[in-house]
Amino acid sequence: AMDMIVNHAAKLRFMSGGQTGVPITIRMMTGAGIASGGQHSDYLEAWFSHVAGLKVVAPSTPEDAYGLLRTCIDDPDPCIFIENLLLYGSMGAMPEAGHRVEIGKAAVRREGSDLTILSYSRLAVEAQAAATTLAEEGISAEIIDLRSIQPWDKEAVLASVAKTGRLLIVHEAVKPFGAGAEIAATVSHELFGQLKAPVHRLGGAFCAVPFSRPLETAFAPDAARIVEAAKSLCA
């Protein structure tokens, strides 16, 4: 369906001079962790975020999943709604009927002062677990759940990193050419001279997601690896 999404849905508003929108929401399930193999586990948000005309969201909580889905359905343009398989069992507060989450607005899940850890989808949950461990070791991590990848909340991210001086970007997608690279480039440009350390990215290994359980476990970042990267960044 890539041709229909990229060459038709995403471009019709541009090609019609703004007269015609494509109000569709495309739900996509993915994520490593249950040995479903490389054809079913890739995070491809960077592909879609690179296409002008598409909005891309990836919730990490039941409340945000409901609110973002309602907002995507309301939107006059095509939206890519990325769902993580392992998050289907998540429990959370039931939002009020009609609850909406604005596309392009991140959530600060935890306040901190030593570094900012930015993530989305399932790894935003792992980042919060990592922050608890880091706090026990005297490192205060601010956790930003991006929620919306395209557009992304530059204002919230820049404000957080300006405060902490350090940024660790974590995603399950492979590290090279990922969404984190765009964010890292923007933060490095906007806050050049204010950073206490280079922006650091933590992502999946540059390979297909392995079917083997031990290899699959080694493929993607988790809370322990986030802790290790954060400690190195603060050293």
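Everything here concerns the structure above.
Treat the numbers as computed from the prediction; the structure is a model and nothing was measured.

1. Some thoughts on the pattern of salt bridges
Enumeration according to the criterion identifies 14 salt bridges in this entry. Notably, a salt bridge pairs Glu83 with Arg27, separated by 2.4 Å at the nearest N-O pair. Placement of the pair is Glu83 in strand β3 (residues 79-84) and Arg27 in strand β1 (residues 25-30), with a sequence separation of 56 residues. Owing to a relative accessible area of 8%, Glu83 belongs among the buried residues under this scheme. Across the salt bridge formed by Asp74 and Arg100, the nearest N and O atoms sit 2.6 Å from each other. One end of the pair, Asp74, is in helix α4 (residues 62-74); the other, Arg100, is in the loop between β3 and β4 (107-110), and 26 residues separate them in sequence. Look at Asp74 and you get partly exposed, because its relative accessible area is 48%. Salt bridges sharing partners connect three or more residues here, namely Arg13, Lys55, Asp75 and Asp77.

2. With respect to the state of the cysteines
With the rule as written, the count across this model stands at zero disulfides. With no disulfide of its own, Cys72 lies 3.9 Å from the sulfur of Cys79, the closest cysteine sulfur.

3. Some words on the packing of helix α5 (residues 122-136) against helix α9 (residues 223-234)
Between α5 and α9, whose axes approach to 8 Å, the crossing angle comes to 55°. Overall, the two elements α5 and α9 adopt an arrangement that is oblique. The handedness of the crossing between α5 and α9 is right-handed. Across the interface between the two elements, Leu123, Glu126, Ala127, Ala129, Ala130, Thr133 and Leu134 of α5 pack against Ala223, Ile226, Val227, Ala230 and Lys231 of α9. Residue classes in the contact of α5 with α9 are distributed as nine nonpolar, one polar and two charged.

About the cut-offs
- Residues numbered from 1 in each chain as written.
- Predicted model: local features only at pLDDT ≥ 70, side-chain atom pairs only at ≥ 80, totals over all residues.
- Heavy atoms only, no water.
- Salt bridge = Lys/Arg side-chain N within 4 Å of Asp/Glu carboxyl O.
- Helix = DSSP H or I, 4+ residues; strand = E, 2+ residues; numbered from the N terminus.
- Buried < 20%, exposed > 50% of the residue type's maximum accessible area, 1.4 Å probe, protein only.
- Disulfide = S-S within 2.5 Å.
- Axes fitted to C-alpha atoms, helices over the stretch in contact; angles between N-to-C directions.
- Parallel < 35°, antiparallel > 145°, perpendicular 65-115°, else oblique.
- Left-handed = near helix turned anticlockwise from the far one by under 90°.
- Contact = heavy atoms within 4.5 Å.
- Nonpolar A, V, L, I, M, F, W, Y, C, P; charged D, E, K, R; others polar.

Such coordinate-based values are descriptive only and should not be taken to indicate function.
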